[in-house]
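If you want the building blocks of each chain, they are given just below.
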Amino acid sequence: MAQIDTDYLIVGAGALGLSFADALLDHSDAHITFVDQHPKPGGHWNVAYPFVTLHQPSATYGLNSMDMGDDRIDSAGPNEGFYELATGTQVLSYFERAMHERFIPSGRVSYYPMSKYQLSESGEHSFVSSLSGKETQVNVRRKLVDCRTFTASVPATHKRKFDIADGVQLTTPGKLPEAWLGGAKTPEHYVIVGAGKTAMDVGVWLLNMGVDAAKISWVRPREAWLINRASTQPGAKYAANTTGWQLEQMRIAATASNADEIFLHLEKHGHMLRIDPSSLPSTFHFPTISQGEVDLLRQIEDVIKIGRVSLIEPGLLHGAAGTAPVPVNSLFIDCTAVAAPRLSVTPIWQGDVIIPGLLQAPLVSLSASVAGFIEASFTTDDEKNALAVPMQFTDTPAHYPQVLLSNALNRLLWSQNEKVTGFLKTARLDPAARMRAVMADVSDQVREEASQIRDATIAAVENLQKLSADSEAEHGAGER
Ligand SMILES: Cc1cc2nc3c(=O)[nH]c(=O)nc-3n(C[C@H](O)[C@H](O)[C@H](O)COP(=O)(O)OP(=O)(O)OC[C@H]3O[C@@H](n4cnc5c(N)ncnc54)[C@H](O)[C@@H]3O)c2cc1C
């Protein structure tokens with residue numbers, strides 16, 4: 001068996017592993033080895049559907065050391081006036097450039113794609129090439145960095161949880177654009193199955209491609225709160241929105257008696273959106289969307305509310321809460337994969353193993369980058385864990401107070417540490433650093449509001465603790 005030596009073995013060359021390594025490379029002299037099952041760096045973006053885009057602006061995604069995108073503003077379509085959204089292929093190409101122009105040329109990084117990591121019972125690390133079947137043993141001098149935690153479930157790879165009867169045409173978003181290449185007929189009707197961001201992307205895509213809204217049905221078991229893209233834009237032009245979001249959510253968090261109140265207040269101030277204004281949403285997974293996209297999606301009037309789908313028959317859908325007829329020759333599109341499930345969390349530093357977690361929700365790249373910096377800059381696990389407390393992702397609105405609290409507490413820890421403050425001061429991935437950088441170009445009112453965020457956050461902590469405890473008592477804390 002071949003053998004290699006490395007300081008850090010990183011399992012998973014997705015956004016998490018690459019951002020962690022980026023900071024480690026800059027702030028230590030360590031040798032790093034990546035092992036990943038995909039053919040290219042970038043994790044789940046390898047198998048994304050062709051019309052996928054980042055939800056968030058490119059400005060705060062990817063590696064801290066390398067700009068993503070060219071800050072172009074969309075001049076048409078439902079996102080007109082907002083910073084471009086990187087497409088899946090752009091994200092993948094960005095991570096490929098990072099690997100081949102930054103990591104490999106450093107002389108301190110090795111990369112093994114198409115390889116599956118395994119740990120023997122006696123604790124030895126190795127990986128097996130999916131193509132050659134050859135196994136390589138890895139002598140890890142310092143630590144294993146396990147970046148499999150958030151391994152995203154995407155439509156191409158997830159296991160369907162409902163049955164389909166003979167004669168039902170079902171596809172995934174990834175296969176949708178190629179469904180007709182073999183000469184198949186244009187479907188008489190489309191049925192989107194799923195309530196998350198993927199389903200929304202499919203709806204927007206079909207409508208933008210000219211499909212009549214009347215020819216689309218949408219099985220939407222739950223309604224979701226959506227972040228207004230206008231409130232997440234970098235730069236001075238949108239500073240009133242971004243500052244307003246941060247300030248308003250802390251103001252209401254200080255007094256709200258439940259999470260719904262927080263969302264309704266943010267909706268009133270234009271920071272949260274929902275597709276159906278008559279229904280109170282029961283999910284929140286941090287999807288970001290524009291008002292233009294919401295307006296488009298509202299054109300789909302046949303919204304089917306039968307709970308989670310259990311069986312699809314030609315012309316009939318069965319769900320947890322009833323059945324619904326649909327046109328017999330419909331094409332069903334499975335959008336039911338949950339990209340980021342709510343998993344229980346453990347401390348990041350655990351002896352020989354590091355498990356990077358979410359430190360600022362929903363900013364995966366920033367979180368991993370800070371963890372990489374902390375690993376390189378501090379000595380003991382105790383001091384590292386004391387600076388970075390990971391949080392669970394949200395599933396329902398009731399989980400949001402916990403996330404606001406964790407975001408605030410990590411910020412507080414970082415603000416009290418000179419080294420971390422120094423790292424964040426100019427961090428490309430940090431929206432707060434970006435905000436500070438444009439303060440000279442914003443109005444006095446925005447500057448005044450920005451100066452109130454810190455005090456408003458401190459004032460909200462006590463109530464956020466109460467709301468988090470209430471949510472935990474009602475819904476439990478652990479894994480879904
Ligand atoms: C469509 C979509 C859009 C999104 N948009 C955004 C966004 O705009 N902003 C944002 O912050 N987040 C977004 N996310 C969330 C996304 O999950 C994270 O941004 C991030 O890409 C997750 O990175 P990751 O490295 O944790 O996971 P992944 O990208 O899933 O990478 C994990 C890697 O681990 C590898 N792996 C797992 N097990 C093994 C093994 N045994 N051996 C070897 N390799 C292994 C896998 O091959 C995979 O490459 C989006 C998610 C989806 C699905």
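Look up: the structure comes first, before these words.
Residues numbered from 1 in each chain as written. Predicted model: local features only at pLDDT ≥ 70, side-chain atom pairs only at ≥ 80, totals over all residues.

Chemist: Give me the overall build of the protein chain: which residues, what numbers.
Modeler: Looking only at helices and strands, one finds twelve helices and 20 strands in the protein chain. At 23 Å, the protein chain has a C-alpha radius of gyration in line with the 23 Å of a compact globule built from 480 residues. Counting only C-alpha atoms and orienting by the principal axes, one finds that the protein chain spans roughly 65 × 60 × 45 Å. Each of the 480 residues in the protein chain was classed as buried or not, and the buried ones make up 44%. (Helix = DSSP H or I, 4+ residues; strand = E, 2+ residues; numbered from the N terminus. Rg over C-alpha atoms; globule rule 2.2 N^0.38 Å. Buried ≥ 20, exposed ≤ 12 C-beta atoms within 10 Å, placed from the backbone.)

Chemist: Pulling in residues and values, what's your account of the site of the ligand?
Modeler: Surveying the vicinity of the ligand reveals 32 residues, the closest of which are Gly12, Gly14, Leu16, Gly43 and Phe150. Sorting the residues of the shell around the ligand by element identifies α1 (15–27) and β4 (115–119) as the ones contributing at least two each. Residue composition of the shell around the ligand, by class: 19 nonpolar, ten polar and three charged. (Near = placed C-beta within 6 Å. Nonpolar A, V, L, I, M, F, W, Y, C, P; charged D, E, K, R; others polar.)

Chemist: Kindly report on the pairing of strand β9 (residues 189–193), identifying the contributing residues and their values.
Modeler: Along β9, four of the five residues are buried, which leaves the element largely enclosed by surrounding structure. Sheet analysis places β9 next to strand β18 (residues 330–334), joined by five bridges and oriented parallel. Each bridged residue has a counterpart across the sheet, and for Val191 the counterpart in β18 is Phe332. Taken together, the four bridges between β9 and strand β10 (residues 216–219) define a ladder with parallel strand orientation. Paired with Ile192 across the bridge in β10 is Trp218. Between the parallel pair β9 and β10, the chain is carried across by helix α3 (residues 197–208), and the sense of this crossover is right-handed. (Pairing = 2+ DSSP bridges. Right-handed = clockwise from strand over helix to strand, strands pointing away.)

Chemist: Break down the sheet that holds β18 for me, citing the residues and quoting the values.
Modeler: By definition, the strands of a sheet pair up through backbone hydrogen bonds, in either a parallel or an antiparallel sense. Taken in spatial order, the five strands line up as β8-β18-β9-β10-β14 in an open sheet, and their pairing is parallel. In this open sheet, the two edge strands, each paired with only one partner strand, are β8 (169–171) and β14 (302–304). If you compare each strand with its neighbour and ignore which way they point, the axes differ by 25 degrees on average. (Axes fitted to C-alpha atoms, helices over the stretch in contact; angles between N-to-C directions.)

Chemist: Please give an account of helix α10 (residues 418–425) that cites residues and values.
Modeler: Among all positions in α10, only Val420, Phe423 and Leu424 are buried. Looking down the long axis of α10, one finds its buried residues gathered within 90 degrees of arc, a one-sided arrangement. Seen from the open side of α10, the exposed residues pointing more than 90 degrees away from its buried face are Glu418, Thr421, Gly422 and Lys425. (Arc of directions from axis to C-beta.)

Chemist: Any chance you could break down the sheet that holds strand β12 (residues 272–273) for me, citing the residues and the numbers?
Modeler: Judged by pairing direction, the sheet is mixed, and its three strands sit side by side in the order β12-β11-β13 without closing on themselves. Strands at the two margins of the open sheet, each flanked by one partner only, are β12 and β13 (288–289). Across two bridges, strand β11 (residues 226–228) lies against β12 in antiparallel orientation. By the bridge assignment for β12, Leu226 is matched with Leu273.

Chemist: Any chance you could break down the pairing of strand β17 (residues 322–325) for me, citing the residues and the numbers?
Modeler: Of the strand pairs in this sheet, strand β16 (residues 316–319) and β17 are connected by four bridges, and their pairing is antiparallel. Looking at β17, one finds that Gly319 is bridged to Gly322. The antiparallel pairing of β16 with β17 creates a hairpin that spans two residues between the two strands.

Chemist: Please provide a residue-by-residue account of helix α2 (residues 88–103), values included.
Modeler: Structural remark: α-helix, 3.6 residues per turn; residues separated by three or four positions point the same way. For α2, with 16 residues, the first-to-last C-alpha span of 21 Å sits near the 22 Å given by 1.5 Å per residue. Every buried residue of α2 is accounted for by Gly88, Val91, Tyr94, Phe95, Ala98, Met99 and Phe103. Down the axis of α2, the sector holding all buried residues measures 135 degrees, keeping them to one side. Exposed and facing more than 90 degrees away from the buried side of α2 are Thr89, His100 and Glu101. At its buried positions, α2 is contacted by α1 and β3 (109–112). (Expected span 1.5 Å × (residues − 1). Contact = placed C-beta atoms within 7 Å.)

Chemist: Just give me the short version of the environment of Phe103, but keep the residues and values in it.
Modeler: Within the secondary structure, Phe103 sits in helix α2. Classification of Phe103 by C-beta neighbours within 10 Å gives buried; the count is 23. Counting along the chain gives 81 residues from Phe103 to Asp22, while the straight-line C-alpha distance between them is 7.9 Å.

Chemist: Outline unusual backbone geometry, listing residues and values.
Modeler: With an omega of 0 degrees, the peptide bond running from Ala361 to Pro362 counts as cis. At Met114, a residue that is not glycine, the phi angle is positive and equals roughly 50 degrees. Position of Met114 relative to the elements: it lies in the loop between β3 and β4. Although it is not a glycine, Phe286 adopts a positive phi angle of roughly 60 degrees. Residue placement: Phe286 occurs in the loop between β12 and β13.

Chemist: Break down the nonpolar core for me, with residues and values.
Modeler: By size, the foremost hydrophobic cluster in this structure holds 118 residues, and its most contacted members are Ile10, Phe20, Ile192 and Ile333. A total of eight residues in this core trace back to one element, the largest contributor, which is α1. Filtering out sequence-adjacent residues up to four positions away, Ile10 remains in contact with Gly17, Phe20, Ala21, Ile32, Thr33, Phe34, Val145 and Cys147. Among the nonpolar cores identified, the runner-up in size contains seven residues, and Tyr238, Met435, Val442 and Val446 belong to it. (Core = buried A, V, L, I, M, F, W, Y, C linked by C-beta atoms within 7 Å.)

Chemist: Which residues make up the packing of helix α4 (residues 239–253) against helix α5 (residues 259–268), and what values do they have?
Modeler: Relative orientation of the contacting elements α4 and α5 amounts to 145 degrees, with a least axis distance of 9 Å. For the element pair α4 and α5, the recorded crossing hand is right-handed. For the pair formed by α4 and α5, the contact residues are Glu248, Gln249, Ile252 and Ala253 on the first element and Glu261, Ile262, His265 and Leu266 on the second. When the residues that make up the contact of α4 with α5 are grouped by side-chain class, the tally is four nonpolar, two polar and two charged. (Left-handed = near helix turned anticlockwise from the far one by under 90°.)

Chemist: Go over the packing of helix α9 (residues 400–415) against helix α12 (residues 444–475) with me, naming the residues and quoting the values.
Modeler: A pair of packed helices is captured by two measures, namely the crossing angle of their axes and the spacing between those axes. α12 packs onto α9 with a crossing angle of 140 degrees between their chain directions and a minimal axis gap of 8 Å. Here α12 runs oblique to α9, going by the angle between their axes. The two elements α9 and α12 meet at a crossing, and its hand is left-handed. Of the residues in α12, those in contact with Pro401, Gln402, Leu404, Leu405 and Ala408 of α9 are Thr457, Val461, Leu464, Gln465, Leu467, Ser468 and Ser471. A per-class count over the contact of α9 with α12 returns seven nonpolar, five polar and no charged. (Parallel < 35°, antiparallel > 145°, perpendicular 65-115°, else oblique.)

Purely spatial values, then, with no claim about function.
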